[in-house]
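Fold and geometry: a report
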Amino acid sequence: MSAGAQRESALARLAGSTFDLLIIGGGIVGSGIARDAAMRGLKTALVEQHDFAFGTSSRSSRLLHGGLRYLAQGRIGLVREASVEKTIIHRIAPHLAEPLPFIFPTYRGNKNWRLWQLKIGVKIYDLLCGGRNLGKSTWLKTDEVTGKVPGLNTDGLNGAVRYYDGFTNDARLVLDTLRSAAKAGATLLNYCRFRNATRLEFWDCAVQDVLTGKTLPVQARHVVNATGPWAGGLPHSQVKLRVTKGIHIVVERSRVAVPETVVMTEGKRILFAIPWGERTILGTTDTDYQGSADHVTADASDISYVLQITNQFFPEAKLTSAEVISYWAGLRPLLADPNGRPSDISRTHEIKNPEPGWWDVAGGKLTTYRLMAEQAVDQIVRTLNQSNATLQFAAPCRTAVEPLLPADETQNISGILPPEFCRRVVEHYCGNEWAVHLDDVMVRRTRWQHYHRDAGAKAEHVARWMGELLGWPDAQRDAELARYYTFAGCQAAEKTSTSAASAQQNDPPRHPMV
């Protein structure tokens, strides 16, 4: 069945069925709920107004972590939850959860991060994983740190701790979770916007196919609002958020040659230098955000801040914006708390049922998505059981033990690093992973946009392949390239002159992901 026919079939199912559960939002939380509910036997549908993983779930630090910073803040319960969950994700999706060692250097005079406190902290960190962390924590003497991390600032260095968390590909985790949900029977649609809902016996919802403009009726017993930073704006929502922005930049690994992730600090704040194949990811910032969740951009000041901190810790790098290959900016949908700095706001989550059949699932973090989904579906199943005897024997949650996908369904398709640049994988994404637009493939399914300096040239090849696969006329292919260039901000990337490469430090990077 062609991609177009698959979408038409999904739209027909959406409009012609009564679902136990309609999920609004195709990020990591919504996808986790869809998988859990479908695996328990609930008739499940999910709609997403943009592409799957369009928002926060493709713009994170890509870490699966308990959060050493949260441990320092005394949030033991949150760290315990996340520490257990990262090991579960490693078990059910090993291709998307690699053990990642962190080196946290400490310096004399830094009262926020003392070596002796961190030594105690990383051992507690291991214990909070039930003694089954992804690796054993240790500490390093000064000469051991400099031996492991060439180019690190040694002025005042007095040692380091080394501990383990996990590294993922956040967008791929969403997509593979959705693939698993589809195999369990869920109906999934991207570019399908929730408009409104009224409740009589069931929820009568109106959703709009963004590609055609057609509005469809959908009936569901329960509706879940899992829309991340958009959650507070939905009809019926009672979510109150404090939204913060974080940006990341990507440089050549040779410029910041970290063998393992290095923790960089500014006061109580933590930034990371994360090895990613031939690249290094640097970030992140944490600032309050008041703008549109649809159009999040990285300001020059954001990029300058990350470069400045990196140059403090790696003075030989002498990074300027000319070295930036790409960047992305995303939002953190934190539970509202007007007090304190953004970095101090809790990453806890909440599941609320403000009116019959309507559920708001908000807050949380990438690492705890599976637990959030399990807790939400537990509550929904209990409510359904009270009113529908046929669901009394709904299956228990299996998401912590059942692999996300078989290995042969992810090999050379889904992983931490981008796949090989070839037509074969594009055929897969168009036929099996709901890719509609050029940026769906370049940005979220492959990460080619973020990884390659010649992303603009590669986009032209992908547009041609997608045009052949999806039946695009020449005008639509050109429109897709224009959309990609506007969205990714790299339309001039391949035309940048040699002299532009030596532009001033404050000039914008060449391959931004805005």
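Everything here concerns the structure above.
Numbering of residues begins from 1 in every chain and follows the order in which that chain's sequence is written. Totals for whole chains, interfaces and linings use every residue, but because this is a predicted model, local features are given only for residues with pLDDT of at least 70 and side-chain atom pairs only at 80 or more, for both listing and counting. Water and hydrogen atoms play no part in the side-chain values, which are based on all heavy atoms of the structure.

Quick look at the overall build of the chain
The helix count covers DSSP runs of H or I at least four residues long, the strand count covers runs of E at least two residues long, and both are numbered beginning at the N terminus. Within the chain, the regular secondary structure consists of 14 helices and 19 strands. The globule rule is 2.2 Å times the number of residues to the power 0.38, and the radius of gyration it is compared with is taken over C-alpha atoms. The C-alpha radius of gyration computed for the chain amounts to 23 Å, which stays within 12% of the reference 24 Å derived for 514 residues, consistent with globular compactness. Referenced to the eigenvectors of the C-alpha coordinate spread, the extents of the chain come out at roughly 70 × 55 × 45 Å. Counting the 514 residues in the chain, one finds 59% classified as buried. Every residue pair with non-hydrogen atoms within 4.5 Å of one another is taken to be in contact. Counted over contacts in the chain with a minimum sequence separation of 6, partners at least 24 positions apart contribute 74%. Summed over its atoms, the accessible surface of the chain is roughly 20000 Å², and 51% of this surface lies on carbon and sulfur atoms. Once the 59 positive and 52 negative side-chain charges of the chain are each reduced to a mean point, those two points are 5 Å apart. Any residue under 20% of the maximum accessible area for its type is buried, any over 50% is exposed, and the rest in between are partly exposed; the area is computed with a 1.4 Å probe on protein chains only. The method behind every accessible area is Shrake-Rupley, applied with a 1.4 Å probe, and residues are considered shielded solely by the protein chains displayed. Charge assignment in this entry is limited to Lys and Arg as positive and Asp and Glu as negative, and neither His nor the chain termini are counted. Lys charges are placed at NZ, Arg charges at CZ, Asp charges at CG and Glu charges at CD.

Structural notes on the environment of glycine 130
Examined against the element boundaries, glycine 130 turns out to sit in the loop between helix 5 (115–128) and strand 5 (138–140). Residue glycine 130 is classed as partly exposed on the basis of its relative accessible area of 38%. When the C-alpha positions of glycine 130 and threonine 212 are compared, they lie 51 Å apart, and in sequence the two are 82 residues distant.

Overview of the pairing of strand 18 (residues 358–363)
Strand residues, when the strand is regular, have side chains that alternate between the two faces of the sheet. Within strand 18, six of the six residues are buried, which leaves the element mostly enclosed by the surrounding structure. The criterion for strand pairing is that DSSP finds at least two bridges linking the strands in question. Relative to strand 18, strand 10 (residues 215–225) runs parallel, the two being bridged by three bridges. Considered in strand 18, the bridge of asparagine 225 is made with aspartate 360. Judged from the five bridges that link them, strand 17 (residues 349–355) and strand 18 form a sheet pairing that is antiparallel. In the sheet register, lysine 352 faces strand 18, and the bridge partner there is aspartate 360. The loop that links strand 17 with its antiparallel partner strand 18 comprises two residues; one of these, glycine 357, has a positive phi angle of about 80°.

Things to note about unusual backbone geometry
Residues other than glycine predominantly adopt negative phi, and peptide bonds predominantly adopt the trans conformation. Following glycine 283, the chain continues to threonine 284 via a peptide bond in cis, the omega torsion being 20°. By the secondary structure assignment, threonine 284 is in the loop between strand 14 (279–283) and strand 15 (287–288). If you check the backbone angles, tyrosine 191 has positive phi at about 50° while not being a glycine. Structurally, the position occupied by tyrosine 191 is in the loop between strand 7 (187–189) and strand 8 (192–199). One non-glycine residue, lysine 318, lies in positive phi territory at about 50°. Locating lysine 318 in the fold gives a position in the loop between helix 8 (300–313) and strand 16 (326–335).

A short note on the pattern of salt bridges
In the sections that follow, a salt bridge refers to a side-chain nitrogen of Lys or Arg positioned within 4 Å of a carboxyl oxygen of Asp or Glu. Within this structure, the stated rule accounts for 34 salt bridges. Residues arginine 172 and glutamate 433 are paired through a salt bridge, measuring 2.8 Å at the closest nitrogen-oxygen approach. Here glutamate 433 lies in the loop between helix 10 (423–432) and helix 11 (438–445) and arginine 172 lies in helix 7 (residues 170–183), a separation of 261 residues in the sequence. The pair formed by arginine 172 and glutamate 433 is uniform in burial state, with each residue classed as buried. The shortest N-O distance in the salt bridge between arginine 179 and glutamate 433 comes to 3.4 Å. A residue pair is termed long-range when its members are at least 10 positions apart, and arginine 179 in helix 7 and glutamate 433 in the loop between helix 10 and helix 11 qualify at 254 residues. As far as the burial class goes, arginine 179 and glutamate 433 line up, both buried. Taken together, the shared-partner salt bridges in this structure form one network comprising Asp51, Asp439, Asp440, Arg444, Arg445 and Arg483.

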